[in-house]
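Structure assessment
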Amino acid sequence: MGTGIGEALLEQGPDAFLLLTSDGTIAFVNSATERLFGYPRDELLGVQHTVLLSEGERGGFLRVFGRLGRNSQAGSRPFPAVGRRRDGSEAAVEITCSLVTLDAGTAMAVAVRDAGHRNDSDSGRRLALSLLDATLETTSDGIVVVSTEGHITGINDRFLKLWCMPPELIASEDPSALARFIAEQLADPDYFLQKVSALYSDTELQSHDVLEFTDGRTVELFSRPQKVADTTVGRIWNFRDTTSRRRAQDQARRAMEELAEQADKLKELAFQDPLTGLANRMLFNERAAAALLTPEPVHVLLLDLDDFKEINDVLGHHAGDQMLVEVSRRLQNCVGPHGTVARLGGDEFVILLVGCRDADAVAQRVVSTLNAPVSIEGTHMRPGLSLGVASRDPGTQTSSELLRRADLAMYAAKEAGKNCYVHFRPEMLAALLERTQLTAGLRRAVELGQIAVHFQPVISSDRLDVVQFEALARWEWEGTVVAPDDFIQTAERSGLIRDIGTEVLRRSCTELAPWLSEDPFRSVAVNVSGVQLQHQDFAERVLDIAAWSGVDPRQLVLEVTESVFFDAHSHVIGQLETLRQAGVRVALDDFGTGYSSLGRLQDLPVDVVKIDKSFVSMLHTGLEKLPILTSIIHMARSLGLKVTAEGVETPAQARYLMDHGCDTLQGFLFSRPEPAADRQQTVLRSVAAIAELEGVPLPG
C-alpha cells in the first residue's frame, strides 16, 4: 500500500518530476511534466533531457549535474532555469536535483516547478544566467570555472570534448581530479601540474601556456582570476585547440625551407623537359634568341614522329614514353655538345645549330639514325619522322619566325612521303597564304550556299539506260572553278566537309526525288568523307534527310574510300552498318588505289565496288589482257557485290567492261557532270551514247 501511495504522489503531485539516466536520457515523467511542457509522455520517454531546456540553459544544467556527488548539497537547493515547451515558447522554472541509486545504476531525480510568478528582478537574474550559459556554449574554447572554495561553477561542452572527459569525472566535483586527468594526456604532465598548483596558490596570477598532447595536438591555456567587482571569486581556465593553426604554420615553414633548398633545382627544371631531360620550349627560345644576336650561321631542324599515336594506342602510353626517351638519346648523339636538342611537346622535337657549316649532314644523320629499329617491350619498330630545316637569312629577325619556317618545311616533308627532310623555301609561305585564303573563301561559300551540285549519270549494262546519278560538289571561286580534289581536301582539313556533305545530300535528294519515284531501280550516289563518318550522328542525319525529302533509303548509295576503314578509333563500321540495315547501300570508291586486297573485300560492309579509272585507262583497243581488272570484277561478283567502272571514255573500254560482267559504267563517254538544270539533256546524251555503243562491233 505504501508503494502505491508513493507512485500516486509522484504521478499526481503539482510539480513536474523526471528521472534521468546517467547519460541524460529521460526514463520517467509524471502528469505535471506533460502539463508544464506540453509534451505527451510517449514523446519524452527515451529522449535527451535537453529538449526541455532552452539553448542557453543546457550548459548550466550540466554544471549542476557536475556538482552532485560526494553528498554535495548543491543540487538539492533549488536553482532557476529556463525551460522550453513543445510549442517553442520558454518558461521560467525552478529545478531541484538529487542522485538516486537504482538496480540499473545511478540516476538523477529532477523536480521542476513553474516559476513564472517570480518578480522581475528574478527574471533579470535568470536572463543574465541564460546569457552567461549561452556565451559558454557558443565559444570554440573549452572553459571550466572553479570557485575559490574548490567547486566547479562553470563548464561548457567544448571542454568535455577537448579532453574526452567522462561524465562521472565531472560529477566528482573535484578540480584536482580534472587536472590529473588532463595531465595524463600531455607530453609534459609534471610541468602542467606544477603550473596548476602555482596558479591556485596565487589567486591574482595570470598565465598563458602551450600544452603539447602525446597524440600530437597542441592546446593553448589561458588562466586568469574570476572577479566580481574587486573580489576574486574563482579562476577561469580557458583551453584553445591550436593544432590546425600550428600544423599549418609548421607546414608553411617546412615548405619555405624546401623552396629555399630547391631554388636552383626549380630553376633547372623550368628549362628542362621532365620526361626526356632535354631542353624545353622556353630554353630553346632563349638560346635561339641569343644565337640570332651573333653573326654565326643559325639553323633550326624541326621534326615530329609519324604515326606516333599508333604506338600509344597499341602498346600504351608507357611504351610511347620509352620511344620518346630513345628518340631523345639518338638526337643528342646526332647533334653533340655544340647544338641544342629540345622537346617542344608531344612527339615534336627541335634542334638548334649555331655555327654549323653543314646543316644538311646533320639532317641526313638524324633521318638515318631515327630510322634504325628500336625494341619497345619486345616489339620491334622503326620510328618514322618528317623533318623541316630553316636557316637564318638577312630577313630573319626572331626565333619564332625561324621556327615557323621550319614548321612549314616539316609539313612539306610529310607531303613528300615522310622519313625525309625538306629545306624551307620562300614559296612555302605563299602556299600557306594561298591555303589560308582558300579556306576563308570556302567557308564564305558554305555560309552563302554557293557550293553547287552537278550530276553524272551511271549506265546499267543490262538495261542500257541511266539508273543512277552521282552527285558531285562544285565550287567556283573568284571566277575560276576550283578542282574538286583541292577544295575537298581543304574542306576536310578545316572541318567544313560536314556542312558541305550534308548540303550535297539534301540537295541531291530534293532534286532527284521525282526521278527516283518513277522507278525503284534508280538511285542517287553521294560521296562521303571519313571526317563525316567520325561524327556519331552521321547515320541519323542521312536517314533524316532521306525521310524529309521522301527518298526511299534503298535508293541511296553512299560512296566511301578504302582509307576510312583503317582508323582504329572511328565509328565507321557502326555507322555504315546502321545505314545498311535501313536499306542504304555502301559503295567502295576508287577501289585498287588504297590498301585493301581482293581477299579483304568480304570483310568490309560494302555493297558496290567502284573500279578506279586508272585501271580503265589501261584499255585502249579492248584486246588487252588485264588479269587484275578482270579479277576485281569476278571476285566482287562472286561475293555478291555489284561492280561499277569509273572513267569510261571510249566505246572499246565500255564494251570490254560489259563483256566481262561489269554491272554499271560511268564516264565522259556518256556525259560529264552537269548542273541539275541540264539533267534531262544529260540523259538524252547518255541514251545516244548507249545506242551508238550497241552498234560498235566486237574487236577481232
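Residues numbered from 1 in each chain as written. Predicted model: local features only at pLDDT ≥ 70, side-chain atom pairs only at ≥ 80, totals over all residues. Heavy atoms only, no water.

**Observations concerning the packing of helix 19 (residues 497-517) against helix 21 (residues 538-549)**
The relative placement of two packed helices is expressed as an angle between their axes plus a distance between the axes. Quick note on the threshold: Axis angles are defined between N-to-C directions and span 0 to 180 degrees, where every axis is a line fitted to C-alpha atoms and, for a helix, only to the segment in contact. For helices the rule is a DSSP run of H or I covering at least 4 residues; for strands it is a run of E covering at least 2, with both sets numbered from the N terminus onward. Each angle gets one of four labels, with under 35 degrees taken as roughly parallel, over 145 as roughly antiparallel, 65 to 115 as roughly perpendicular, and the rest as oblique. By convention the crossing between two helices is left-handed if the near helix lies anticlockwise of the far one by an angle smaller than a right angle, and right-handed if it lies clockwise. Pairs of residues are marked as contacts when any of their non-hydrogen atoms sit within 4.5 Å. Each residue gets one of three labels, nonpolar for Ala, Val, Leu, Ile, Met, Phe, Trp, Tyr, Cys and Pro, charged for Asp, Glu, Lys and Arg, and polar for the others, Gly among them.
Packing of helix 19 against helix 21 leaves a shortest axis separation of 9 Å and a crossing angle of 25°. Classified by the angle between their axes, helix 19 and helix 21 sit roughly parallel to one another. Crossing handedness for the pair helix 19 and helix 21: right-handed. Residue-level inspection shows R498, T502, L505, R506, C509, T510 and A513 of helix 19 in contact with helix 21, the latter providing R541, V542, I545, W548 and S549. Grouping the constituent residues of the contact of helix 19 with helix 21 by class yields six nonpolar, three polar and three charged.

**Some details on the packing of aromatic side chains**
Put simply, the test is: We call Phe, Tyr and Trp rings a pair once their centres come within 6.5 Å, taking the six-membered ring for Trp, and we label the pair stacked below 30 degrees between planes, edge-to-face above 60, and tilted otherwise. Burial here depends on accessible area, computed with a 1.4 Å probe over protein chains only, as a share of the maximum for the residue type. Under 20% is buried, over 50% is exposed, and the range in between is partly exposed.
On inspection of all chains with the given rule, the structure shows five aromatic pairs. Summarising the aromatic geometry, the rings of F455 and F469 are spaced 6.4 Å apart at their centres and angled 85° between planes, so their arrangement reads as edge-to-face. Pair noted here: F455 is in strand 18 (residues 452-460) and F469 is in strand 19 (residues 466-477), with a separation of 14 residues, a long-range link. This pair shows no difference in class: F455 is buried, exactly as F469 is. With a centroid separation of 5.0 Å and 65° between ring planes, the pair formed by F469 and W515 is classed as edge-to-face. One end of the pair, F469, is in strand 19; the other, W515, is in helix 19, and 46 residues separate them in sequence. The exposure classification of F469 matches that of W515, with both residues buried.

**Concerning helix 19**
Short version of the rule: Multiply 1.5 Å by the residue count of a helix minus one, and that product is the helix's expected span. At any given residue, the bend is defined as the angle formed between two axes, one fitted to the seven residues that end at that position and one fitted to the seven that begin there.
The end-to-end C-alpha distance of helix 19, which contains 21 residues, comes to 29 Å, matching closely the 30 Å that a straight helix rising 1.5 Å per residue would cover. A maximum bend of about 45° is found in helix 19 at E511, where proline P514 lies one to four positions downstream. For helix 19, the full list of buried residues reads I497, I500, G501, V504, L505, S508, C509, L512, A513, W515 and L516.

**Section: the pairing of strand 1 (residues 16-20)**
Stated formally: Only strands joined by at least two bridges in the DSSP assignment are considered to pair.
With four of five residues buried, strand 1 is to be regarded as a mostly interior element. The pairing of strand 1 with strand 5 (residues 105-114) spans five bridges and is classified as antiparallel. Bridging across to strand 5, L18 finds its partner in V110. The turn linking strand 1 back onto strand 2 (residues 26-29) is made up of five residues, and G24 within it adopts a positive phi angle of 90°.

**Quick notes on the nonpolar core**
Put simply, the test is: Take the buried Ala, Val, Leu, Ile, Met, Phe, Trp, Tyr and Cys residues and link them wherever side-chain atoms come within 4.5 Å; each set so joined is a nonpolar core.
F565, V648, L657 and L665 are the most contacted members of the largest nonpolar core, which has 75 residues in total. A per-element tally of this core places helix 19 first, with nine residues. Residues in contact with L657, not counting those within four places in the same chain, are V616, L619, L629, I633, A645, V648, C662 and L665. Membership of the second largest hydrophobic core comes to 30 residues, among which are F308, A319, L331 and L387.

**Quick notes on the pattern of salt bridges**
When their charged atoms lie close together, side chains carrying opposite charge are able to pair. Threshold: Salt bridges are defined by distance alone: a side-chain nitrogen of Lys or Arg within 4 Å of a carboxyl oxygen of Asp or Glu.
Enumeration according to the criterion identifies 35 salt bridges in this entry. Residue R217 is joined to D215 by a salt bridge in which the shortest nitrogen-to-oxygen separation is 3.1 Å. Taking the shortest distance from any N to any O, the salt bridge between R580 and E577 comes out at 4.0 Å. Of this pair, R580 and E577 are both found in helix 22 (residues 572-581), three residues apart, which corresponds to roughly one turn of the helix. E577 sits in the partly exposed class, given a relative accessible area of 31%. Here the salt bridges share partners, and the residues they tie into one network are E470, E559, K610 and E646.

**Things to note about unusual backbone geometry**
Phi is positive for L464, close to 55°, though the residue is something other than glycine. As for its placement among the helices and strands, L464 is situated in the loop between strand 18 and strand 19. Overall, the relative accessible area of 27% leaves L464 in the partly exposed class. A positive phi angle is found at D590, which is not glycine, with a value near 55°. With respect to the helices and strands, D590 occurs in strand 23 (residues 585-591).

**Topic: the confidence of the model for the protein chain**
Formally: Across the chain, each position has a pLDDT score giving the predictor's confidence in that residue, from 0 to 100.
Summary statistics for the protein chain give a mean pLDDT of 82 and a share of 89% for residues scoring 70 or more. Here helix 5 (residues 120-138) stands out as the element of the protein chain with the lowest mean pLDDT, 53, in contrast to strand 21 (residues 523-527), whose mean of 95 is the highest. Confidence drops under pLDDT 50 across residues 696-700; counting only partners more than four residues distant or on other chains, this segment forms six contacts.

**Digging into helix 12 (residues 281-291)**
Stated formally: Directions drawn from the helix axis to the C-beta atoms are what define this arc. Within 3.5 Å is the distance limit for a polar contact, defined as a pair of N or O atoms, with the added protein rule that one can donate a hydrogen and the other accept it, and that residues adjacent in sequence qualify only through two side-chain atoms.
Listed in full, the buried residues belonging to helix 12 are L283, F284, A288 and A291. Relative to the axis of helix 12, the buried residues are bounded by an arc of 130° and lie together on one face. Those residues of helix 12 hidden inside the fold are in contact with strand 11 (298-306), strand 12 (339-345), strand 13 (348-354) and helix 16 (399-415). Here helix 12 starts with a cap whose side-chain oxygen sits 3.2 Å from the backbone nitrogen of M282, and that cap is N280.

**Here we look at the pairing of strand 17 (residues 420-423)**
Using the following cut-off: Here the term right-handed applies to a crossover when the path leading from its first strand over the helix to its second strand runs clockwise, the strands being oriented away from the viewer.
The pairing of strand 16 (residues 384-391) with strand 17 spans four bridges and is parallel. Its bridge partner lying in strand 17, V389 is registered against H423. Once the chain exits strand 16 it traverses helix 16 before rejoining the sheet at strand 17, and the crossover so formed is left-handed.

**Some remarks on the sheet that holds strand 11**
Read across the open sheet, the five strands follow the order 12-13-11-16-17; overall the sheet is mixed. Each having just a single partner strand, strand 12 and strand 17 make up the two edges of the open sheet. Direction aside, the axes of adjacent strands within the sheet are offset by 20° on average. Here strand 11 runs beside strand 16; their pairing, made up of eight bridges, is antiparallel. Each bridged residue has a counterpart across the sheet, and for L303 the counterpart in strand 16 is L387. Packing against the sheet, helix 16 makes contact with strand 11, strand 12, strand 13, strand 16 and strand 17, and its axis sits at approximately 140° to strand 16.

**A word on the packing of helix 8 (residues 175-183) against helix 9 (residues 189-201)**
Taken N-terminus to C-terminus, the directions of helix 8 and helix 9 make an angle of 155°; their axes are 9 Å apart at the nearest point. Classified by the angle between their axes, helix 8 and helix 9 sit roughly antiparallel to one another. The chirality of how helix 8 crosses helix 9 is right-handed. Side by side, helix 8 and helix 9 meet where P175, A179, R180, I182 and A183 of the first sit next to P189, F192, L193, V196 and Y200 of the second. The residue inventory of the contact of helix 8 with helix 9, partitioned by class, reads nine nonpolar, no polar and one charged.

**Focus on the layout of surface pockets**
Cut-off, in case you're wondering: Residues are said to line a cavity or pocket when one of their atoms sits within 4 Å of a point; the points come from a 1 Å grid over protein atoms alone, cavities being sets where a 1.4 Å probe fits but cannot get out and pockets being open sets with protein on both sides within 12 Å along at least five of seven lines. Grid points are joined across faces, edges and corners, and a volume is the space filled by probe spheres set on the points.
Its volume calculated, the largest pocket comes out at about 1200 Å³. What lines the largest pocket is a set of 35 residues, among which L472, P484, D485, N527 and D589 lie closest to the centre. Put simply, the parts of the chain that give the lining of the largest pocket at least two residues each are strand 19, helix 18 (484-494), helix 19, strand 21, helix 20 (530-533), strand 22 (556-561) and strand 23. Residues that form the lining of the largest pocket fall into these classes: 13 nonpolar, 11 polar and 11 charged. The computed volume of the second largest pocket comes to approximately 940 Å³. What lines the second largest pocket is a set of 23 residues, and nearest its centre among them are E415, Q489, E492, R493 and V531. Counting residues per element, the ones that place at least two in the lining of the second largest pocket are helix 16, helix 17 (426-448), helix 18 and helix 20. If you tally residues by element for the lining of the second largest pocket, the top one is helix 16, at six residues. Class assignment of the residues belonging to the lining of the second largest pocket gives a composition of nine nonpolar, five polar and nine charged.

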